[in-house]
Amino acid sequence: MEHRDGAEAAGDAGGADDGVLEVLDRPLPEGIRRRVVGLVADAFGRLTVAELPAQLRQYARFTPSRRAKFAGNAMAAAVEGDAAFRQRIAAKLREAGSELAEALESGAPPAAADPEDVAAMAFVLRPPGWVKLVTAAGEEAARAGAERAGEEAQRELQRLREELATVRAEARSEAERVRAELDATRKEAEGLRRKLRSADSDVRRGEAALRKAREELEAVRAEAQADKAAAQGETRRVKARLAEAEAALEASRRAAREGRSVEDMRLRLLLDSVLDAAQGLRRELALPPVSVRPADTVDAVRPGTMSPKDIATRALSETDPALLDQLLALPQTHLVVDGYNVTKTGYPTMPLDKQRLRLLGGLAMLAARTGAEVTCVFDGAELAAPVLLAPPRGVRVLFSKPGVTADELIRQLVRAEPPGRPVVVVSTDREVADGVAKAGARPVSSALLLKRLARP
């Protein structure tokens, strides 16, 4: 134990001096680095765990081959950066009695030794002049590698030349064979051309006969087609007359069944509107009948009464939600809402089903407060499948049929109302607003309805 400590101390002193005097100015060549890792892996097992750097202690129980495989980089870094560890490894190599180690220590490396082995041992032991030994071994390994590469290149060049000569010989023989086959093919092609000319003349004669047969067949088909068309035309005329008769009969029956009920419904609804309007006007005025005199109906300006200018100042703005309340307060008012026009104005980022539910919830509360008839129209073209929807109480929900837009459905609803009934249409679409206004309805903007629904 004392002998080992003395050798290790001597190695530490020598390594420290060498580390000061000699420094390797380039990375170790890969071959020398592998030899260094092999030396460290062999001497690694003769050290105690306490003598190992912390990063290498996990590999203490590995075999030298597994240690070189899995801890090669870590051991190389420790030998390079940890002088104490390198000196312990050097001491173990000296104790092993290696002839190469003794020769390096004596300053006379054997001439027959592998330069990379000499450089690896010198890198670990760090004898005087070790940098020159490592540099010379690296240069020698580079020269040997270059010579091996040159020899391999010469061998590869010779092989390629031989292959080229073989390919050229095969190409010449192949060219001769192709020429022979080409001559034979030319002779065969000439014989085929003669046969083709003969067959071509036969085909032309056959085509002439076929054209004649086709012309005769087309004539027969045209005659049959004309007869068929005449028969189909007569059948269509008979079917048309029959359909007209059936339609006329059905129309007369339907008119007899429904005509009077529809007119009665329209007249009754208009009458209810007029009666409710009259009653509402009577309640609003609350004037006794005897107080009205014919002279009171004469239009004149009286002292203390409002002028037309004062009355104009009381008009509501088109954006005031109170305007919608006044319209819905009219008797028998029908509120028609362009559903998606309103939802995409107020909350366009929501999914369509959530838009519909939010709007219908607000319309249900509005119908409950005002008592007005409310119809909400949605465009059916927006739907990928039929909607399973339970309309809220007091709100009629309609989807347009395929090929019919929601705008057209709104115009149909307005035209279906009797003249004189108050109809309010909510839509920002200018075309819809102008169309319903011509039909007698009162258009309002979607923003106005949204403001009214947002108000408690």
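For the structure itself, look to the data block above.
Residues numbered from 1 in each chain as written. Predicted model: local features only at pLDDT ≥ 70, side-chain atom pairs only at ≥ 80, totals over all residues. Heavy atoms only, no water.

Focus: helix α7 (residues 115–125)
One turn of an α-helix holds 3.6 residues; hence residues three or four places apart share an orientation. By the criterion of burial, α7 is predominantly enclosed, with nine of the eleven residues buried. Following α7 by one or two positions, R126 adopts a phi angle in the positive range, close to 55°. (Buried < 20%, exposed > 50% of the residue type's maximum accessible area, 1.4 Å probe, protein only. Helix = DSSP H or I, 4+ residues; strand = E, 2+ residues; numbered from the N terminus.)

Quick notes on the pattern of salt bridges
On inspection of all chains with the given rule, the structure shows 18 salt bridges. Here R159 ties to E163 by a salt bridge, and the two come within 2.2 Å at their closest N and O atoms. One end of the pair is R159 and the other is E163, both in helix α8 (residues 130–285) and four residues apart, which spans about a single turn. Residue classification places R159 among the partly exposed residues on the basis of a relative accessible area of 34%. E163 gets classed as partly exposed once you look at its relative accessible area, which sits at 39%. R415 is the partner of E408 in a salt bridge, and the nearest nitrogen-oxygen pair spans 3.2 Å. Taking the relative accessible area as the measure of exposure, E408 reaches 27% and is therefore partly exposed. What emerges from the salt-bridge pattern is a single network uniting E373, R396, E417 and R421. (Salt bridge = Lys/Arg side-chain N within 4 Å of Asp/Glu carboxyl O.)

Let's talk about the pairing of strand β1 (residues 334–338)
Burial analysis of β1 places five of its five residues in the buried class, the great majority of the element. Here β1 shows no split at all, with H334, V336 and D338 on one side and L335 and V337 on the other all buried. The sheet contact formed by β1 and strand β2 (residues 373–378) spans five bridges and is parallel. Paired with V336 across the two strands is T375, which belongs to β2. Across four bridges, the pairing between β1 and strand β4 (residues 423–426) is parallel. Among the inter-strand pairings, L335 is bridged to a residue of β4, identified as V424. (Pairing = 2+ DSSP bridges.)

Details of helix α14 (residues 430–438)
Burial in α14 covers these residues: V432, A433 and V436. The buried residues of α14 occupy an angular sector of 100° when the element is viewed end-on, so they sit on one face. Away from its buried face, by an angle of more than 90 degrees, α14 presents the exposed residues R430, E431 and K438. Against the buried residues of α14 lie α13 (406–416), β4 and β5 (442–444). (Arc of directions from axis to C-beta. Contact = heavy atoms within 4.5 Å.)

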